[in-house]
Structures are given as structure tokens and as C-alpha cells.
Amino acid sequence: MPALVIAAHGSHLNPGSHDPAFAHADTIRAAGAFDEVREAFWKEEPSFREVLRTIESEEVYVVPLFVSEGYFTEQVIPRELRLEGWDVAEWDSDGTDADHVTLTADDVEKTVHYCGPVGTHESMTDVIIQRAETVTGDPDVGEGFGIAVVGHGTDRNENSAKAIEYHAERVRETERFDEVQALFMDEEPEVDDVAEYFEAEDVVVVPLFVADGYHTQEDIPEDMGLTDDYREGYDVPTTVDDTRIWYAGAVGTEALLADVLLERAADAGADVGNALDLVRQRTGGTAAAGD
């Protein structure tokens, strides 16, 4: 069987940033879909540059554990993997619909199926909704609630905002929540003013970030007014301007994300057998619409 590589950012400063990659890899490994499952990082070991050298399989599926199509998924990862002939145009994407490209890693002579990031896969919408269920403890949460999908936002890459807006629209189309908004840290509309964008008394806030770090644990809670000092903690929910804010933390920590990683590989042609069913049993996921 082929191998799977989960490519994540990692961090020298935040030791917990790699936790989602390892946790989701363990879930997929236990399902037995691949002979080998490896985690690789930009800021930690094993590195993108070396990971293919640690794999015996001649065929490898690489799934970026990133939120959006941008600098890391379009430039850094293909360059570090030495993917011969890589051209981002091969994804034929408008910023949210990258699929996969099959290339050769020229220094190790392996066939690499390079997939789009998990953050733009349609099933990520299900993870956002399940994140709302997890933080509220209510599997039927929706009626009477608003939900905010929060991203970083940046002028340097328009695709950063596209992923947030894409999933906000998909959540809206489910008609499950009374109100749905896409909010950002560094562009309008800003998460600082979250209560102003909703009429609902209860609002779930789900950051579309892979791991909990200083943005999700420090900046966003303080910006929303949940606390003046993140070190003092805050309640969930916390009432801000007469609105109860249910802050969910990074979506990438939700167990269901393992499904999305596996679906990315399956979309690229990986024969995962019954692994998706096994993973969904473990993560509480259900088959995506149309499966």
C-alpha cells in the first residue's frame, strides 16, 4: 500500500501546535489504510525536505494540514518535496477548489499525489458544525444560535479570506443556524465586534485555524472581550454586550478533521477501503452528502 504524509506548519515557540497533526495521524494509522503514515513540518522535525526519505513506499499521498491555498501550499511544500514539474496552475483552482496533482519527487524517485489543503475541502464545513456541537454539548445546536467562522485575513493573500467565506456560505446553506457570519482578525468585518453582527442571543465562534496558539488562545478571546487577560481564563459561554459567546477554539483540534485528511487522499485516488468508516466511527463523523 502507499504512504500518507500529513504536512503541517509546526512551531518552535508553541509546543502544542503539532498536536493536531499527531492526533489525526494516529487516528488514520489505526484505521490501516496506509502502510506508512508520517507527519512532516515546516518548523519542526521531520521536515518537509526530508520526510520522503523516511518512507519506504514508492507511492505517497501528501495532504497539507493548512487552512487555505497560499504561500505554503502553493510554494513551500512543493519546493521542499522537490516535486518535479509543479505548477500551481495544475490545481485549476480559484482559491477554494484545489484537488490534486500527481508528480515525481525527483531526488527519491517516488510518485507523489499532492493534494489540496484540508481547509478548503467541502467536508471541513462538517467539522465546523461538529465543533459547534462539541463546545455547546448539544448535538442539535442551531435553532436560536448564530455562528461565526473566524479567519486571520490578510492583504497579502486573498485566498486566506476565501476559505473562511466559502465555509461560512456552506454553513449558511444548511439553514441550521439562525445567522452565519465570516469574521476576521486583520480585516473587516472584525471578530472584535462579534456581538454587533448578530441578533441571536447565543453565538458560537469557531476559528478556522489548524492548532490552538497565541491567535486562538490569546488574541481572539481578548479581542472579543471574553477576558482582559487570557492568562486569567474565561467562561464558556461568556456574555459580551448581552450576547452569550460560545468560543470553540481552533477547528483543527476537532477529531473529525481526520476524516477530511483521509477524504483528501481518497479524492486523489487512494484506495482507503473501509478506513473512512472506521475513522468516522472513532470521530463521530457521518458520510458527506452524496457519499
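Residues numbered from 1 in each chain as written. Predicted model: local features only at pLDDT ≥ 70, side-chain atom pairs only at ≥ 80, totals over all residues. Heavy atoms only, no water.

1. Comments concerning the pairing of strand β5 (residues 100-105)
A regular strand carries its side chains on alternate faces of the sheet. Residue alternation in β5 divides its side chains into a buried set, Val-101, Leu-103 and Ala-105, and an unburied set, His-100, Thr-102 and Thr-104. Looking at chain direction, strand β4 (residues 83-84) and β5 are connected through two bridges and run antiparallel. For Glu-84, the partnering residue across the bridge sits in β5 and is Thr-104. As defined by bridge partners, β5 adjoins strand β6 (residues 110-115) across six bridges and the pair is classed as antiparallel. (Buried < 20%, exposed > 50% of the residue type's maximum accessible area, 1.4 Å probe, protein only. Helix = DSSP H or I, 4+ residues; strand = E, 2+ residues; numbered from the N terminus. Pairing = 2+ DSSP bridges.)

2. Digging into the pattern of salt bridges
Tallied over the entire structure, the rule returns 16 salt bridges. Residue Asp-107 pairs with Arg-82 through a salt bridge whose shortest N-O separation is 3.1 Å. Taken together, the residues Asp-107 in the loop between β5 and β6 and Arg-82 in the loop between α3 (71-81) and β4 connect sequence positions 25 residues apart. Three or more residues joined by partner-sharing salt bridges are found here, namely Glu-50, Arg-53, Arg-82 and Asp-107. (Salt bridge = Lys/Arg side-chain N within 4 Å of Asp/Glu carboxyl O.)

3. A look at unusual backbone geometry
Keep in mind that most residues, glycine aside, have a negative phi and that most peptide bonds are trans. In this structure, Pro-189 follows Glu-188 across a cis peptide bond, with omega equal to -10°. Checked against the element boundaries, Pro-189 lands in the loop between β8 (179-184) and β9 (202-207). With an omega dihedral of 5°, the bond running from Val-236 to Pro-237 counts as a cis peptide bond. Inspection of the secondary structure puts Pro-237 in the loop between α6 (214-224) and β10 (238-240). Here the phi dihedral of Arg-82 falls at roughly 60°; this positive angle occurs in a residue that is not glycine. Phi at Asp-242 takes a positive value of approximately 70°, unusual for a residue other than glycine. Of note, Asp-242 is situated in the loop between β10 and β11 (243-247). The class for Asp-242 is exposed, based on a relative accessible area of 72%.

4. A short note on the environment of Arg-29
On the secondary structure map, Arg-29 appears in helix α1 (residues 19-31). Taking the C-alpha atoms as reference points, Arg-29 and Leu-4, 25 residues apart in sequence, are found 9.3 Å from one another. Discounting chain neighbours no more than four positions away, the residues touching Arg-29 are Val-37, Arg-38 and Glu-39. A polar atom in the side chain of Arg-29 sits 2.8 Å from the backbone oxygen of Val-37. (Contact = heavy atoms within 4.5 Å. Polar contact = N/O pair within 3.5 Å; in protein donor to acceptor, adjacent residues only side chain to side chain.)

5. Concerning the sheet that holds β11
In space, the five strands of this open sheet follow the order β8-β7-β9-β11-β10, with mixed pairing throughout. Looking at strand neighbours, the two that pair on one side only are β8 and β10, the edges of this open sheet. Pairs of neighbouring strands in the sheet enclose a mean axial angle of 30°, with direction left out of account. Examined bridge by bridge, β10 and β11 share three bridges and lie antiparallel to one another. Residue pairing across strands places Thr-238 opposite Ile-245, the latter belonging to β11. (Axes fitted to C-alpha atoms, helices over the stretch in contact; angles between N-to-C directions.)

6. Comments concerning the side chain of Thr-73
Structurally, the position occupied by Thr-73 is in helix α3. Looking at Thr-73, its side chain comes within polar contact range of the main-chain nitrogen of Gly-70, at 2.9 Å.

7. Some details on α3
Two residues of an α-helix separated by three or four positions point the same way, owing to the 3.6 residues in each turn. The complete set of buried residues in α3 reads Thr-73, Val-76, Ile-77, Pro-78, Glu-80 and Leu-81. The inward-facing, buried residues of α3 contact β1 (3-8), α2 (48-51), β3 (59-64), β4, β5 and β6. Downstream of α3 by one or two residues, Arg-82 has phi in the positive range, about 60°.

8. Considerations on the nonpolar core
As a rule of thumb, nonpolar side chains are buried together in soluble globular proteins. Counting residues in each nonpolar core, the largest one holds 57 residues, and the members touching the most others are Leu-4, Ile-28, Phe-34, Leu-65, Ile-147, Phe-177 and Leu-262. Not counting residues within four places of it along the chain, the set of residues in contact with Leu-4 comprises Ile-28, Phe-34, Glu-36, Val-37, Arg-38, Tyr-61, Val-63 and Ala-265. Core analysis: the next-biggest nonpolar cluster, separate from the first, contains 23 residues, Ala-3, Val-5, Ile-55 and Leu-81 among them. (Core = buried A, V, L, I, M, F, W, Y, C linked by side-chain atoms within 4.5 Å.)

9. Describing helix α8 (residues 275-283)
Residues of α8 that are buried: Ala-275, Leu-276, Val-279, Arg-280 and Thr-283. Summarising the axial view, the buried residues of α8 lie within an arc of 130°, below the 170-degree limit, and thus occupy one face. For α8, the exposed residues lying more than 90 degrees away from the buried face are Gln-281 and Arg-282. Looking at the buried side of α8, the elements it contacts are α1, α4 (124-136) and α7 (257-267). (Arc of directions from axis to C-beta.)

10. Topic: the sheet that holds strand β2 (residues 36-41)
Backbone-to-backbone hydrogen bonds join strands into a sheet, with any given pair of strands oriented parallel or antiparallel. Spatially, six strands are ordered β2-β1-β3-β6-β5-β4 in an open sheet, and the strand pairing comes out mixed. Each edge of the sheet is formed by a strand with only one pairing partner; in this case those strands are β2 and β4. The pairing of β3 with β6 spans four bridges and is classified as parallel. Considered in β6, the bridge of Val-62 is made with Tyr-114. α7 contacts β1, β3, β5 and β6 of the sheet and is inclined by roughly 130° relative to β3.

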